[in-house]
Amino acid sequence: MAEQPLVSVIMNCFNGEKYLREAIDSVIAQTYENWELIFWDNQSTDASAEIIKSYDDSRIRYFYALDHTLLYEARNLAIKEAQGSLLAFLDVDDWWEPKKLEKQVPVFENVDVGLVCGNYEVFYEKSGWGRPSWKGQKPSGRILNELLADYHIGLLTIMLRRSAYVELGGFDRRYHVIGDFDLSLRLAEKWQVVTLESQLAHFRFHGANESVQKRKVHLEEMKIWIQEAKIRLARYELSSLKIAEQQVFYLEGLTAVENGQIRKSLSRLKQL
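Draft legend 1. Quick peek at the pairing of strand β3 (residues 60–64). Where strand β2 (residues 35–41) and β3 come together, 5 bridges link them in parallel fashion. Bridge pairing in β3 links D41 to Y64. Tracing the backbone out of β2, into helix α2 (residues 48–53) and back to the parallel element β3 gives a crossover that is right-handed.

Written out as structure tokens, the structure is:
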């Protein structure tokens, strides 16, 4: 591109010292250099602040939260400090490929594109083994219906047009687990979503991930989202909304099994 827009990389941290250097180093290693790192310290009590402050790079901007907040409210607060026209996200336990930003930024020359994502590795720390998040080809364009049926977007690969984020009102602060899912689906109602086939990042599965630790919260948030989406998206008559609802029933059935509630799990699974 003739112009190199500023990319604001949002990194939210709460006691993330274990993997933090690898995450930060993967940002610094980007071949696309016009970025700023907004490091939002959600009142960590470990060495996270010491680690981030050890980097001598003017593109890194450190902020200490006045209050400890839920994750997606913290993301919104971090973005208020950002100056870029494009937003990217990296959690402290994940890391990027060096050309991640370089591959995504040019796609935004198309003014109808609101979000660009890509494939990523799921790395299982205990075994040292990794696999791609998905195989084959995922759709691009006006893909709201396709995303409801098969949601493939990982936060660690998302790049957002900031004006789209603002128009949508940012992340819904009610959500602790599905905030990026909600924002991406709301964005897909109005903008094109472009999926790059190449692997852009690495998701570290270590058992203490938010999505693993808060399965019950995830389920409850999805139930709320589906009920609201059935009203908001009614005019689209989307066939895949029913598929998304069935996935929630499936999750509820699995959760019931984990909790020893066999009758409830059978009841939910029969609704599929």
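Draft legend 2. Structural detail: helix α3 (residues 71–80). Summarising burial for α3: 7 of the 10 residues are buried, a large majority. Within α3 the residues assigned to the buried category are L71, Y72, A74, R75, N76, A78 and I79.

Draft legend 3. Highlighting the packing of helix α7 (residues 179–188) against helix α9 (residues 215–232). At a minimum axis separation of 12 Å, α7 and α9 run at an interaxial angle of 15°. The angle between the axes of α7 and α9 places the two elements in the roughly parallel class. The interaxial crossing formed by α7 with α9 has right-handed handedness. Contact residues: α7 offers F181, D182, L185 and R186, while α9 offers M222, W225 and R232. Taken together, the residues of the contact of α7 with α9 break down into 4 nonpolar, no polar and 3 charged.

Draft legend 4. Up close: the side chain of D180. Along the chain, D180 turns up in helix α7. Look at D180: it is buried, it has no salt bridge, and the nearest opposite charge is R75 at 5.7 Å. Apart from residues lying up to four places away in sequence, D180 is in contact with Y72, Y151, L155, I158 and F171.

Draft legend 5. Highlighting the side chain of T157. Of note, T157 is situated in the loop between α5 (144–149) and β8 (159–161). According to the relative accessible area criterion, T157 is buried, its value standing at 0%. Excluding residues within four positions of it along the chain, T157 makes contact with K100, Q104, V116, C117, G118, N119, Y120, L200 and A201.

Draft legend 6. Region of interest: the nonpolar core. Within the largest apolar cluster, 47 residues are counted, with the highest numbers of intra-cluster contacts made by F89, L115, L148, L160, L187 and W225. Leave out the neighbours within four places in its chain, and L160 touches S85, L86, L87, F89, F108, G114, L115, Y165, L183 and L187.

What counts, and where the lines are drawn
Residues numbered from 1 in each chain as written. Predicted model: local features only at pLDDT ≥ 70, side-chain atom pairs only at ≥ 80, totals over all residues. Heavy atoms only, no water. Pairing = 2+ DSSP bridges. Helix = DSSP H or I, 4+ residues; strand = E, 2+ residues; numbered from the N terminus. Right-handed = clockwise from strand over helix to strand, strands pointing away. Buried < 20%, exposed > 50% of the residue type's maximum accessible area, 1.4 Å probe, protein only. Axes fitted to C-alpha atoms, helices over the stretch in contact; angles between N-to-C directions. Parallel < 35°, antiparallel > 145°, perpendicular 65-115°, else oblique. Left-handed = near helix turned anticlockwise from the far one by under 90°. Contact = heavy atoms within 4.5 Å. Nonpolar A, V, L, I, M, F, W, Y, C, P; charged D, E, K, R; others polar. Lys, Arg positive; Asp, Glu negative; His and termini not counted. Salt bridge = Lys/Arg side-chain N within 4 Å of Asp/Glu carboxyl O. Core = buried A, V, L, I, M, F, W, Y, C linked by side-chain atoms within 4.5 Å.

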